[in-house]
Amino acid sequence: KWGHGIAGEVCATGALRNVADAYESAAFDRSSDEKTGYRTRAVLAVPMRNAEGAVIGVMQAINKIGGIPEVFSEEDERLLISAASLGSH
């Protein structure tokens, strides 16, 4: 939903969000975690744009595994931006 949650915020603003702890973000919607018992920690969300540059969706990664600390790096940002550009054209 546009403007709701971290992904919605990315849709509305067109800006990348790299959140180390989702529960510290006012934009994070905990309802899915509460329903499933899952614990979202790190969130990386990037806009998907069409050929004209309009935001048409969001690609999101959650809970990086293997980093210390387990947060998304600038390299992860570049990789997800590349994947999102391929997926949106």
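As a reminder, the structure under discussion sits directly above these lines.
Residues numbered from 1 in each chain as written. Predicted model: local features only at pLDDT ≥ 70, side-chain atom pairs only at ≥ 80, totals over all residues. Heavy atoms only, no water.

**Q** Looking at this model, I keep getting lost on the packing of aromatic side chains. Mind explaining?
**A** Describing an aromatic ring pair means giving the distance of the ring centres and the angle of the ring planes. Taken as a whole, this structure holds one aromatic pair when the rule is applied. Seen from their ring centres, Tyr23 and Phe28 are 5.3 Å apart, and the 50° between their planes marks the pair as tilted. Under the relative-accessibility criterion, Phe28 is labelled buried at 16%. (Phe/Tyr/Trp six-rings, centres within 6.5 Å; stacked < 30°, edge-to-face > 60°. Buried < 20%, exposed > 50% of the residue type's maximum accessible area, 1.4 Å probe, protein only.)

**Q** Is there a simple way to explain the side chain of Thr40 in this structure?
**A** Positionally, Thr40 belongs in the loop between helix H2 (31–36) and strand S2 (43–49). The class for Thr40 is buried, based on a relative accessible area of 5%. When near neighbours in sequence (up to four residues on either side) are disregarded, Thr40 contacts Ala22, Tyr23, Phe28, Asp33, Ile62 and Asn63. (Helix = DSSP H or I, 4+ residues; strand = E, 2+ residues; numbered from the N terminus. Contact = heavy atoms within 4.5 Å.)

**Q** So what exactly am I meant to see when it comes to the environment of Gly5 here?
**A** You can see Gly5 is positioned in helix H1 (residues 5–13). Residues Gly5 and Ser82 lie 77 residues apart in sequence; the distance between their C-alpha atoms is 23 Å. Apart from the residues lying within four places of it in its own chain, the contact partners of Gly5 are Ala27 and Asp29.

**Q** Explanation requested: the side chain of Glu77 in the structure shown.
**A** By secondary structure assignment, the location of Glu77 is in helix H3 (residues 74–87). Within the buried core, Glu77 has no salt-bridge partner, and the shortest N-O distance to an opposite charge, that of Arg78, equals 6.6 Å. Look past the residues within four positions of Glu77 in its chain and what remains in contact with it is Leu16, Asn18 and Leu44. (Lys, Arg positive; Asp, Glu negative; His and termini not counted. Salt bridge = Lys/Arg side-chain N within 4 Å of Asp/Glu carboxyl O.)

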